[in-house]
Amino acid sequence: PSVAVIVVAAGSGTRLGRPEPKAFVPLGDGTLLSHAVRGVLGMREPVQLVVVVPAERVDQTRAELLASADASAELVVVVAGGELRQDSVAAGLAQLAPEIGVVLVHDAARALTPSLLFDEVAAAVRTRGHGVVPGLPVVDTVKRVADGRVVETVDRAELAAVQTPQGFPRGALERAYRLAGGEFTDDAALAAAAGVQVDVVPGDVRAFKITVPADLRRAEQLVAEAGA
Ligand code: C5P
């Protein structure tokens, strides 16, 4: 394959109020992580799949992935993550096969992201040659606030709520990670800090991030509707 997808699933996800790490919370007939993996493996092209999980879950995750029919051993790598999301992504980057030219980074918490969105991001990275992130228009009116006071209203026409998978030419993302100082909440911010151009393509409402219990209920409902 020429594309790798790094699925980061090593966060604790305390806002979901569950004892297990968020990616391992049950959803439908699987877990958040198994749904995210299904989305990746439904892509049009074969990919290298790198799954990043808490250290104590590596062996179990590897066994479960290989037992599922759609994942073959040579294309699946499972490794332990780090303290910050970006440490987990870095751990995944270290596992890329030599032939990989395009890297997509995806949050397991965006469990119901359709395969088509992965295909579209990969295609856009290839044709444009720089970073690509899916984004949706912001529907709320957004204020900049300091000390509890509104400083200004930000023109929402200039804003996008960005999702994952976020795609990059491999070399650009690896260089950005080598240069990265500080904390970043997504790869687009880290890449932009290193001077990488990042474009926005249309996102998908189903790529929403499961963060709080209401998000999990919405996901359960979507899974139930899809199965019916
Ligand atoms: O915490 P947040 O929802 O922003 O995490 C986004 C994604 O990054 C989740 O899928 C989570 O499992 C992953 N993550 C990780 N390693 C960390 C923190 C978060 O893989 N140290």
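See the structure above.
The sections below set out a description of the structure shown in this document. (Residues numbered from 1 in each chain as written. Predicted model: local features only at pLDDT ≥ 70, side-chain atom pairs only at ≥ 80, totals over all residues.)

## Details of the overall build of the chain
Phase 1: Each helix and strand in the chain was counted, giving seven helices and twelve strands.
Phase 2: In summary, the chain has a C-alpha radius of gyration of 17 Å against a globular reference of 17 Å for 228 residues, a match within 12%.
Phase 3: For the chain, the spread of C-alpha atoms along the three principal axes comes to 55 × 40 × 35 Å.
Phase 4: Looking at the chain residue by residue over its 228 residues, the buried ones come to 39%.
Phase 5: The long-range share in the chain, meaning contacts at least 24 apart out of those at least 6 apart in sequence, stands at 71%. (Helix = DSSP H or I, 4+ residues; strand = E, 2+ residues; numbered from the N terminus. Rg over C-alpha atoms; globule rule 2.2 N^0.38 Å. Buried ≥ 20, exposed ≤ 12 C-beta atoms within 10 Å, placed from the backbone. Contact = placed C-beta atoms within 7 Å.)

## A word on the pairing of strand β1 (residues 3-8)
Phase 1: In terms of burial, β1 is largely enclosed, as six of its six residues are buried.
Phase 2: Examined bridge by bridge, β1 and strand β6 (residues 102-107) share six bridges and lie parallel to one another. Bridge assignment links Val8 to a residue of β6, and that residue is Asp107.
Phase 3: Inspection of the sheet shows β1 paired to strand β4 (residues 48-53) by five bridges, in the parallel sense. Opposite Ile6, over in β4, you have Val50 as the bridge partner. (Pairing = 2+ DSSP bridges.)

## So, helix α5 (residues 170-179)
Phase 1: Those residues of α5 that sit buried are Ala172, Leu173 and Ala176. Axial view of α5: buried residues confined to an arc of 95 degrees, hence all on one face. Every exposed residue of α5 that faces more than 90 degrees away from the buried side is listed here: Gly171 and Arg178.
Phase 2: The inward-facing, buried residues of α5 abut α3 (85-93), β6, β7 (131-137), β11 (166-169) and α6 (187-193). (Arc of directions from axis to C-beta.)

## Re the pairing of β4
Phase 1: Most of β4 sits out of view: six of its six residues are buried.
Phase 2: Residue alternation in β4 divides its side chains into two sets, Gln48, Val50 and Val52 and Leu49, Val51 and Val53, and both sets are buried.
Phase 3: Note: β4 against strand β5 (residues 76-80), five bridges, orientation parallel. Looking across to β5, one finds that Leu49 is bridged to Val76.

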